[in-house]
Amino acid sequence: MPVALHRSQGDASLIAGTTDRWVPAERLQPIQRIRTVGRAFGCPVQVLEFKGDEVEVQLFDYQPWIEEYHGSYDRSDGKALVTIPRSALSDVHEDVRDYPHPRA
């Protein structure tokens with residue numbers, strides 16, 4: 001049954017399926033983490049949600065233009081969330097990686 005990886009905590013991962021639960025990472029292999037990534041104003045971003053003519057993105061460092069679009073920046077983890085015009089987004093593609101690491 002397909003499940004979605006929600007978040008990781010130590011050696012366990014929360015998966016979302018018919019019931020949400022913590023599962024040891026070794027039981028999840030082989031799975032893949034798929035993220036939609038791109039560039040906004042020359043910076044790498046992760047696309048979280050398309051909202052019509054706008055898109056919600058996450059950055060992994062502070063950029064001055066975040067404030068212009070009334071985004072938020074969390075200094076503790078260095079991540080920023082901001083909604084920008086869809087036209088500002090370029091090079092959108094899927095980043096597919098084995099999780100938590102490829103099997104040998």
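It should be noted that the structure appears before, not after, this text.
Predicted, not measured: the structure shown is a model, and the values here were computed from it. Each chain carries its own residue numbering, running from 1 in the direction its sequence is written. Predicted model: local features are reported for residues with pLDDT of at least 70 only, side-chain atom pairs are reported and counted for 80 or more only, and whole-chain, interface and lining totals are derived from all residues. With hydrogens and water excluded, all non-hydrogen atoms of the structure serve as input to the side-chain values.

**Things to note about the overall build of the protein**
As a reminder of what qualifies: To qualify as a helix, a DSSP run of H or I must reach at least 4 residues; to qualify as a strand, a run of E must reach at least 2; elements of each kind are numbered from the N terminus. Burial classes: relative accessible area under 20% of the type maximum marks a residue as buried, over 50% as exposed, and values in between as partly exposed (1.4 Å probe, protein chains only). Only heavy atoms enter the contact rule, under which two residues are in contact if any of them lie within 4.5 Å. Using a 1.4 Å probe, the Shrake-Rupley method yields the accessible areas, and only the shown protein chains count as cover for residues.
Per the secondary structure count, the protein includes 2 helices and 9 strands. Secondary structure of the protein in N-to-C order comes out as β-β-β-α-β-β-β-α-β-β-β. Counting all 104 residues of the protein, 31% fall into the buried class. Partitioning the intrachain contacts of the protein with sequence separation of at least 6 by distance along the chain shows that 45% fall at a separation of at least 24. Approximately 7,200 Å² of the protein is accessible, and the part contributed by carbon and sulfur atoms is 48%.

**Digging into the side chain of Gln-58**
Along the chain, the position of Gln-58 falls in strand S6 (residues 54-59). For Gln-58, the contacting residues outside a window of four places in its chain are Val-45, Gln-46, Leu-48, Lys-79, Ala-80 and Leu-81.

**Notes on the pattern of salt bridges**
The cut-off we apply is this: One speaks of a salt bridge when a side-chain nitrogen belonging to Lys or Arg is within 4 Å of a carboxyl oxygen belonging to Asp or Glu.
One pass over the full model with this rule turns up 2 salt bridges. Between Arg-35 and Asp-95 there is a salt bridge whose closest N-O contact spans 3.4 Å. Within this pair, whereas Arg-35 is found in strand S4 (residues 31-40), its partner Asp-95 is found in strand S9 (residues 89-99), the two being separated by 60 residues in sequence. The class of Arg-35 is partly exposed, set by a relative accessible area of 24%. The exposure class of Asp-95 is buried, given its relative accessible area of 16%. For Glu-56, the salt bridge is made with Lys-51, and the minimal N-O distance between the two is 3.6 Å. According to the relative accessible area criterion, Glu-56 is buried, its value standing at 18%. On the accessibility criterion, Lys-51 (36% relative accessible area) is partly exposed.

Any functional reading would require information beyond the geometric quantities listed.
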